[in-house]
Amino acid sequence: MKIAIDFGGTAVKISGYKGEDFNPLWFETIPAHSEQGIRQAMERAEQVIDAHRTGQLECLGIATPGIVDSKACRVTCINNKYEDALDIDFRAWCKERFGCGLVMSNDANAALVGEVAYGCAQGFENCVLVIIGTGVGTAAMMDGKLVRGKHNQAGILGGHFIVNPFGRGCTCGAVGCLEAYAGSREILYQAEAERDHVTSAIYRERPLTMKGIARCWENGDRYAARILETAIGYYAAAAVNMIRAYDPECVVLSGGLTNSRFIVQEIEQIVRRQGWLPWGVPVFRHAERTDLSVSMGLLKEMCDYERD
Ligand SMILES: [Zn+2]
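Computed from a prediction, not measured in an experiment: that's the story for all the values here. (Residues numbered from 1 in each chain as written. Predicted model: local features only at pLDDT ≥ 70, side-chain atom pairs only at ≥ 80, totals over all residues.)

Draft legend 1. Region of the structure containing the sheet that holds strand S1 (residues 2-7). With mixed pairing, the five strands of this open sheet are ordered in space as S3-S2-S1-S4-S7. Strands with a single pairing partner mark the edges of an open sheet, and in this sheet they are strand S3 (26-31) and strand S7 (101-106). Looking at each pair of strands side by side, their axes are set apart by 15° on average, direction ignored. Where S1 meets strand S4 (residues 59-64), five bridges bridge the pair, whose relative direction is parallel. Of the residues in S4, the one forming a bridge with Lys-2 is Cys-59. Where helix H1 (residues 39-52) meets the sheet, it contacts S1, strand S2 (11-17) and S3, and its direction lies at approximately 30° from that of S2. Contacting S4 and S7, helix H2 (residues 90-98) runs over the sheet at an angle of about 140° to S7. (Pairing = 2+ DSSP bridges. Helix = DSSP H or I, 4+ residues; strand = E, 2+ residues; numbered from the N terminus. Axes fitted to C-alpha atoms, helices over the stretch in contact; angles between N-to-C directions. Contact = placed C-beta atoms within 7 Å.)

Draft legend 2. Focus on the environment of Arg-97. Structurally, the position occupied by Arg-97 is in helix H2. Residues Arg-97 and Glu-46 lie 51 residues apart in sequence; the distance between their C-alpha atoms is 8.4 Å.

Draft legend 3. Geometry of unusual backbone geometry. A cis amide bond links Arg-206 with the next residue in sequence, Pro-207, at an omega value of -5°. Checked against the element boundaries, Pro-207 lands in the loop between helix H5 (184-194) and helix H6 (210-218). The phi angle at Asn-152 is positive, at roughly 65°, despite the residue not being glycine. By C-beta crowding, Asn-152 is classed as buried, having 22 other C-beta atoms within 10 Å. (Buried ≥ 20, exposed ≤ 12 C-beta atoms within 10 Å, placed from the backbone.)

Here it is, written out as structure tokens:
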């Protein structure tokens, strides 16, 4: 059995695989409590794995946010969550605890590998990914290979491209990052402010979620429209930035909001209007199993690891 652990900011997703079949044998989600560090989440993940394993593990795959050195199996930089991850030797932990090999990846990179190998972007060798969540995650693949760069940060910092050099402060320490305007944390904050307008459908959404705002928008609420249309402008900017930087044939959109086909269409239309696409417009794809794309990517990397 191969096992993938996706350490997300709010949930840890753990799944078991047989051979190269990307349909998991089992799939469990546990709360992350990422503000309390990654060690406590690793300990709880171990218990889940022990409950499911029937014998020796073939391989383990781990994905985390932040900058990951996949060769050394270390997290080299992480922002605002799992802050103790920098001190952990994941390979030694895996060997000691499970006695098997380990592959490790940044979560957006793994999601892109998963979508290209088994998901919505099969057949494309030049591809970028934009994940819309609490933050805005990105990844890029050129000629069938993940773009990594000297320090493993190429492709993954699209949420921190500067869109306003005199704008808001970002959690990363910079000023005017795209994520400071378009992460769900920011959008929910704006929508809470809109609750003052008692005529808005947003006022009745409790608890307020991104899905709820999208629903209000689809039902014609103009306050929801104002919030989401601004956010969509930033998502489209993220896609255009990634297209200009990495020249893909395919743009994969992922994350809860992209379940709304109106939002995906809107992003695509803005990208068309932005121009500088002399050869045409990349194909837009929407990840179908957003909860599994990271794990599917880890499965692909585990299969490649076994072959090497
Ligand atoms: Zn930033």
